[in-house]
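Inside the fold
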Amino acid sequence: KRRKQIGERQLRRWLQQQRRKAAHANLKPFQARKLEELGLDLTPGSGGAASRWERMFHRLVKYKEEHGDTLVPQKFQDDLELAGGVYRQR
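Note that the structure is predicted; figures quoted are calculated from it, not measured.

1. Some details on the overall build of the chain
What the chain contains, in helices and strands, is 4 helices and 0 strands. Each of the 90 residues in the chain was classed as buried or not, and the buried ones make up 21%. For the chain, the share of sequence-separated contacts (at least 6 apart) that also reach a separation of at least 24 residues comes to 22%. Here the chain has roughly 7400 Å² of accessible surface; of this, 52% comes from carbon and sulfur atoms.

2. Let's talk about the nonpolar core
The nonpolar side chains of a soluble globular protein tend to be buried with one another. With 7 residues, the main nonpolar core is built from Met56, Tyr63, Val72, Phe76, Leu82, Ala83 and Val86. Counting residues per element, this core draws most heavily on helix 4 (residues 80-89), at 3 residues. Ignoring anything within four residues of it in the chain, the contact list for Ala83 reads Val72, Pro73, Gln74, Lys75 and Phe76. One finds Ala32, Leu35, Leu40 and Leu42 within the second-largest nonpolar core, a separate group that totals 5 residues.

3. Observations concerning the pattern of salt bridges
Tallied over the full model, the rule gives 2 salt bridges. When the shortest N-O distance is used, the salt bridge between Asp79 and Arg59 registers 2.6 Å. Remark: Arg59 occurs in helix 3 (residues 49-67) and Asp79 occurs in the loop between helix 3 and helix 4; sequence separation between them is 20 residues. Here Arg59 ties to Glu81 by a salt bridge, and the two come within 3.2 Å at their closest N and O atoms. Separated by 22 residues along the polypeptide, Arg59 in helix 3 and Glu81 in helix 4 bring together distant segments of the chain. The exposure class assigned to Arg59 is partly exposed, which follows from its relative accessible area of 28%. We classify Glu81 as partly exposed; its relative accessible area is 40%. Beyond isolated ion pairs, a larger network of salt bridges with shared partners links Arg59, Asp79 and Glu81.

Calculation criteria
Residues numbered from 1 in each chain as written. Predicted model: local features only at pLDDT ≥ 70, side-chain atom pairs only at ≥ 80, totals over all residues. Heavy atoms only, no water. Helix = DSSP H or I, 4+ residues; strand = E, 2+ residues; numbered from the N terminus. Buried < 20%, exposed > 50% of the residue type's maximum accessible area, 1.4 Å probe, protein only. Contact = heavy atoms within 4.5 Å. Areas by Shrake-Rupley, 256 points an atom, 1.4 Å probe, with all protein chains shown as cover. Core = buried A, V, L, I, M, F, W, Y, C linked by side-chain atoms within 4.5 Å. Salt bridge = Lys/Arg side-chain N within 4 Å of Asp/Glu carboxyl O.

Here is the structure:
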């Protein structure tokens, strides 16, 4: 599991770099085209805090639908990222 988290973190950083390059016109056209073909939004900020907030919000909505409240335990094993995000918002 730890290796998967490290890999996801590296991928997230790489995607951020690609978005920054695209924003500064430093991404080669064929690179941008390949990323867009995969469905990656290269719009500046598309992978930033706002979209992360939206994803977390939707996970919280799902939690509420399943549990009837938004009182996510701080150590909620099913989704530790959601638990940490809700804790930080409080």
